[in-house]
Amino acid sequence: MAFHCPRSSELQYQYCQYEECLVPFRGPERDLNEPFAAFVGGSEFFGKYVPTPLPDILENRLALKCVNFGAMNAGPEMVSSNEDLSEIVSTAEVVVFQVTGAHNISNQFYRVHGRRNDRIVDVLPALREVFPEGDFMDIHYTRHALGYLQSLSQSRFLIVVEELKARWIESMRDVLSRIDRPTVLFWMARHVPPANASGLVDDPLFVDQAMLRAVADLADELVMCRVTPEALRLGTKGMVVPELEQAVAPHLRVPAARREAADALTAPIRRIWDGEMTVLKQA
């Protein structure tokens, strides 16, 4: 068994769990008995290598506690397979739900882990039928698997992509319909939603305009944040990255991008929160 002793220069994420939900979130653990906004999503909310993640930035701007329910590489599966998490976030005053990629979700070709959505736990017979020449013995992660499938056959790879898109819509509608609270659907990327997405380059993978339209009616607001070239040019400035993980950091959102995300979200959250407070006062 190996133990990792963090250096004083490394961030301490203070992982925590809420009630019966087994998903580890970035801490410190927050008191959910007071009014709070829930930030549900993937890596952009978790904030790896970032001292001040996006929910903390917004809490400093808003008169409302912002609780981080982001997990690295999470997709809709994190909520759909964890009913306790659905119940927890449904007690929030407002829920900000990040648009994550369609690759980290169970489908007719493979199943992903309920908490670590980027991990494949089972390759299903349908995938072996479409790719009989495939060797899936040493493939354990979704992006790796999809890259391998694309290398075998672009046309058959697109069959898998269409299945992932359909399952994403189905899962997102299921998740958003469970959350009986004001909800902000949040898109954050280097690009605006494309007319069609089928490549393995830009996150959120495979999510396009038609898919967003198919789920947007279940949210109170749809907020778009396109990361600017100015933010991207700052690279890893402001990140605390262990020496052995330097190669990974540039692929994550930089601190400046989180400031831009906070700028995009501040007014919509404040508008919803002020509206909720008005209703409470009138009641």
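Residues numbered from 1 in each chain as written. Predicted model: local features only at pLDDT ≥ 70, side-chain atom pairs only at ≥ 80, totals over all residues. Heavy atoms only, no water.

1. Some remarks on the overall build of the protein chain
Consideration 1: Broken down by element type, the protein chain carries 10 helices and seven strands.
Consideration 2: Here the protein chain has a C-alpha radius of gyration of 19 Å; the compact-globule value for 283 residues is 19 Å, and the two agree.
Consideration 3: Overall size of the protein chain, expressed as C-alpha extent along the three principal axes, is 65 × 45 × 40 Å.
Consideration 4: Taking all contacts inside the protein chain whose residues are at least 6 apart in sequence as the whole, residues at least 24 apart take part in 70%.
Consideration 5: Carbon and sulfur atoms provide 50% of the accessible area of the protein chain, an area that totals close to 13,700 Å².
Consideration 6: On the protein chain, the mean spot of the 29 positive side-chain charges and the mean spot of the 38 negative ones are 6 Å from each other. (Helix = DSSP H or I, 4+ residues; strand = E, 2+ residues; numbered from the N terminus. Rg over C-alpha atoms; globule rule 2.2 N^0.38 Å. Contact = heavy atoms within 4.5 Å. Areas by Shrake-Rupley, 256 points an atom, 1.4 Å probe, with all protein chains shown as cover. Lys, Arg positive; Asp, Glu negative; His and termini not counted. Charge placed at Lys NZ, Arg CZ, Asp CG, Glu CD.)

2. Regarding the sheet that holds strand 2 (residues 65–70)
Consideration 1: Taken together, five strands build an open sheet; the order of strands is 2-1-3-6-7 and the sheet is parallel. The open sheet has two edge strands with one neighbour each: strand 2 and strand 7 (221–226). Strand-to-strand twist across the sheet, computed as the mean angle between neighbouring axes with direction ignored, equals 20 degrees.
Consideration 2: Note that strand 1 (residues 36–41) and strand 2 share six bridges and pair parallel. From the neighbouring strand, A38 faces strand 2, where its bridge partner is V67.
Consideration 3: Across the sheet, helix 2 (residues 54–61) lies against strand 1, strand 2 and strand 6 (183–189), angled at about 170 degrees from strand 2, the strand it touches most.
Consideration 4: Against the sheet, helix 8 (residues 209–216) touches strand 6 and strand 7, its axis set at about 165 degrees to strand 6. (Pairing = 2+ DSSP bridges. Axes fitted to C-alpha atoms, helices over the stretch in contact; angles between N-to-C directions.)

3. Some words on the packing of helix 6 (residues 142–152) against helix 7 (residues 154–178)
Consideration 1: Where helix 6 meets helix 7, the closest approach of the two axes is 6 Å, and the angle between their N-to-C directions is 140 degrees. When helix 6 is examined against helix 7, the residues L146, L149, Q150 and L152 are found in contact with a partner set consisting of Q154, R156, F157, V160 and L164.
Consideration 2: Residue composition of the contact of helix 6 with helix 7, by class: six nonpolar, two polar and one charged. (Nonpolar A, V, L, I, M, F, W, Y, C, P; charged D, E, K, R; others polar.)

4. Some remarks on the packing of aromatic side chains
Consideration 1: What the rule picks out here adds up to 10 aromatic pairs.
Consideration 2: Between Y15 and F46 the ring centres are 5.8 Å apart and the planes differ by 20 degrees, which places this aromatic pair in the stacked class. Note that Y15 is positioned in the segment before strand 1 and F46 in helix 1 (residues 43–46), a separation of 31 residues in sequence.
Consideration 3: What makes Y15 exposed here is its relative accessible area of 53%.
Consideration 4: On the basis of an interplanar angle of 55 degrees and a centroid distance of 5.3 Å, the ring pair of Y18 and F69 is categorised as tilted. Here the residue Y18 occupies a position in the segment before strand 1, and F69 occupies one in strand 2, the gap between them amounting to 51 residues.
Consideration 5: Given a relative accessible area of 3%, Y18 falls into the buried group. (Phe/Tyr/Trp six-rings, centres within 6.5 Å; stacked < 30°, edge-to-face > 60°. Buried < 20%, exposed > 50% of the residue type's maximum accessible area, 1.4 Å probe, protein only.)

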